[in-house]
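# Residue-level structure breakdown
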Amino acid sequence: MGSRVNPSRNKTPLTSPHSSTSPVDNPILPDLPVGEMRSTLQDWYQQQGRKLPWRNHPHPYPIWVSEIMLQQTQVKTVIPYYYRWLEAFPTVEKLAQADQQQVLKVWEGLGYYARGRNLHKAAQKIMQDFGGQFPDTLAKVLTLPGIGRTTAGGILSAAFNQPVSILDGNVKRVLARLTALSVPPRQAVSQLWQLSDRLLDPEQPRDYNQAIMDLGATICTPKNPACLLCPWQQYCQAYHQGIQTQIPMRETKAPLPHKNIGVAVIRNAEDEILIDRRLDEGLLGGLWEFPGGKIEENETIEDCIKREIQEELGIAIAVEDHLITLDHAYTHFRVTLNVYNCRHLEGKPQAIECQEIRWVSLEEIDQFPFPKANSQIIDALRKAQT
DNA sequence: TACCCGTGGGG
DNA sequence: TCCCCAAGGGT
């Protein structure tokens, strides 16, 4: 709690008013023993590095897939998805030929679904523009959707042993502590990239990049870093100052807004259920869902559901009994889903605010990719049926 | 350039 | 229970 910081307070040094360069301007240490640091890190990596499925792979495709899955996602979460993905789409060509719904079904549950859609689009671009070969230059790799500077460096170093630096969450944290960075990393991105460039081992860039990420993931962890086991302990300013748990400094964050949502499970005379496919852009793009919307002030859940279904699908329904209420947290807000069983009364459903609409049975609903919160609704439907 | 974009696990 | 954060990129 003592590490929570108001960023504005850090823009001016509390100390000497005469100092012309604050740590923000120059967090780079003047005399880092770069060669020695590379050597100690590489030695540590040979002994303590993680064995991961995509390491030392001869082909860039599996490495690329792993890099995309690992964006903002922990290794443990990624591994089963990684294997399933390569089974479903063993080559760039197979991925390019798949349709988006297959792709999203395999990605289902992993989150940040634009990653899956971009992987798919990039595979098609590789087939069209690069003759089916994953590109091996930084400029070309950066033209692929879903690949930024860090992911490009990760792929080029791992697949081709090219000396391209990275600045992911692990590296940011390691370098912030190494320099006892006195501002949140976001305010020093340019300087951190310079430091990352400087430290990168030009002789063994593949192992160096993997090593510094392993260091961040297993030793220089966000909480309770294992400084006594760290190969860079002697170079670490945060450790020497005893402030390693306070760095990197955090941004102040506004509390998450909460939305109350009415959700309809609509059945027709054949006992089929109405689902809709969301637009490709934005939250949960391209996934299927049960229709519904935000409950306005002074509106009952029943009124909300009837109104939303009329607006979104152009049909009249009867709202019947309560199925389930569940809470879910997204990155920028929380929701409570109030789910009700409903009956279709009249009108043909139209895709007004979505891409597509289907009447489906509970048996065939598994074929469609749903976001996590909606999967819980499906579970509840199955339970209610038996 | 801030803000948007999921989900699971740890403390 | 709640907050934090994880191999970031797109706009």
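For every chain, the first residue of the written sequence is number 1, and numbering continues from 1 onward in sequence order. Chain labels run from A onward and ligand labels from 1 onward, assigned in the order the entries are written. Where totals are concerned, whole chains, interfaces and linings use all residues; where local detail is concerned, this predicted model gives features only for residues with pLDDT of at least 70, and gives and counts side-chain atom pairs only at 80 or more. Remark: hydrogens and water are excluded; side-chain values derive from all non-hydrogen atoms of the structure.

### Let's talk about the overall build of chain A
Helix numbering and strand numbering both begin at the N terminus, where a helix is a DSSP run of H or I of at least 4 residues and a strand a DSSP run of E of at least 2. When its secondary structure is counted, chain A shows 14 helices and seven strands. Projected onto the principal axes, the alpha-carbon positions of chain A cover approximately 75 × 55 × 35 Å. With a 1.4 Å probe rolled over the protein chains alone, any residue whose accessible area is under 20% of its type maximum counts as buried; one over 50% counts as exposed, and the rest are partly exposed. Every one of the 386 residues in chain A was classed for burial, and the buried ones make up 49%. Of the roughly 19800 Å² of accessible surface on chain A, 49% is carried by carbon and sulfur atoms. Counting rule applied: Lys, Arg positive; Asp, Glu negative; His and chain ends not counted. Lys charges are placed at NZ, Arg charges at CZ, Asp charges at CG and Glu charges at CD. Computed over 40 positive and 43 negative side-chain charges, the inter-centroid distance for chain A is 7 Å. Note on areas: these come from Shrake-Rupley sampling with a 1.4 Å probe, and a residue is covered only by the protein chains present in the view.

### Notes on empty space enclosed by the protein
Empty space among the atoms becomes visible once a probe the size of a water molecule is rolled across them. Only protein atoms enter the 1 Å grid used here. Points where a 1.4 Å probe fits but cannot escape make up a cavity, open sets with protein on both sides within 12 Å along at least five of seven lines make up a pocket, and a residue lines them when an atom lies within 4 Å of a point. Grid points are joined across faces, edges and corners, and a volume is the space filled by probe spheres set on the points. Inspection of the entire model under this criterion finds one cavity of 30 Å³ or more. Volume-wise, the largest cavity comes out at about 120 Å³. Around the largest cavity, the lining is made up of 13 residues, and of these R177, C220, C230, W232 and C236 lie nearest the centre. At the level of elements, α9 (169-178) and α11 (205-219) are the ones that each hand at least two residues to the lining of the largest cavity. Among the elements that make up the lining of the largest cavity, the one with the highest residue count is α9 (three residues). The residue inventory of the lining of the largest cavity, partitioned by class, reads 11 nonpolar, one polar and one charged. Gly falls in the polar group here, along with every residue not listed as nonpolar (Ala, Val, Leu, Ile, Met, Phe, Trp, Tyr, Cys, Pro) or charged (Asp, Glu, Lys, Arg).

### Observations regarding the protein's contact with DNA strand B
Around DNA strand B lies a shell of 20 residues, among which Y112, Y113, L284, T331 and K372 are the nearest. When the atoms of DNA strand B within 4 Å of the protein are grouped by moiety, sugar and phosphate amount to 56% of the total. T73 places a side-chain nitrogen or oxygen 3.1 Å from a base nitrogen of DNA strand B. Polar contacts, as counted here, are pairs of nitrogen or oxygen atoms within 3.5 Å of one another; within protein the pair requires one atom able to donate a hydrogen and one able to accept it, and residues that are adjacent in sequence qualify only if both atoms are side-chain atoms. Contact between DNA strand B and K372: a phosphate oxygen at 2.8 Å from a main-chain N or O atom of the residue. Across the surface near DNA strand B, the residue classes break down as eight nonpolar, eight polar and four charged. For this purpose, a residue is taken to be near a molecule or strand whenever a single non-hydrogen atom of the residue falls within 4 Å of it.

### Concerning helix α10 (residues 189-199)
Those residues of α10 that sit buried are Q191, L192, W193, L195, S196 and L199. A contact between two residues is defined here by any heavy atoms of the two lying within 4.5 Å. Where α10 is buried, its residues touch α1 (34-48), α8 (149-160), α9 and α11.

### Thoughts on helix α2 (residues 60-69)
Across the 10 residues of α2, 10 count as buried, placing the element largely inside the fold. Turning to α2, its buried residues number three or more, namely P60, Y61, P62, I63, W64, V65, S66, E67, I68 and M69.

### With respect to the domain arrangement of chain A
Where each domain starts and ends comes from a domain assignment, either automatic or drawn from a database. Its domain assignment divides chain A into domain 1 (20-246) and domain 2 (258-385). The distance between the C-alpha centroids of domain 1 and domain 2 comes to 38 Å. Each partner contributes to the interface: domain 1 provides eight residues, whereas domain 2 provides 15 residues. Any Lys or Arg side-chain nitrogen located within 4 Å of an Asp or Glu carboxyl oxygen qualifies as a salt bridge. Applying the counting criterion to the domain 1 and domain 2 interface returns zero salt bridges. At four residues, the largest contribution of residues to the side of domain 1 that touches domain 2 is made by helix α5 (residues 100-107). Class assignment for the residues of the side of domain 1 that touches domain 2 results in three nonpolar, two polar and three charged.

### A closer look at the side chain of D214
In this fold, D214 is placed in helix α11. With sequence-adjacent residues up to four places away left out, D214 is seen in contact with W44, Y45, G49, R50, R55 and I219.

### Remarks on the nonpolar core
Grouping buried Ala, Val, Leu, Ile, Met, Phe, Trp, Tyr and Cys residues that are joined through side-chain atoms within 4.5 Å yields what is termed a nonpolar core. W64, W85 and F290 are the most contacted members of the largest nonpolar core, which has 63 residues in total. Among the elements that make up this core, the one with the highest residue count is helix α3 (residues 75-88) (six residues). For this core, the domains that each give at least three residues are domain 1 (20-246) and domain 2 (258-385). W85 has contacts with Y61, V65, M69, L95, V103, V106, W107 and L119, leaving out every residue within four places of it along the chain. The next biggest cluster of nonpolar side chains, apart from the first, holds 35 residues, and it includes V174, V183, L200 and C230.

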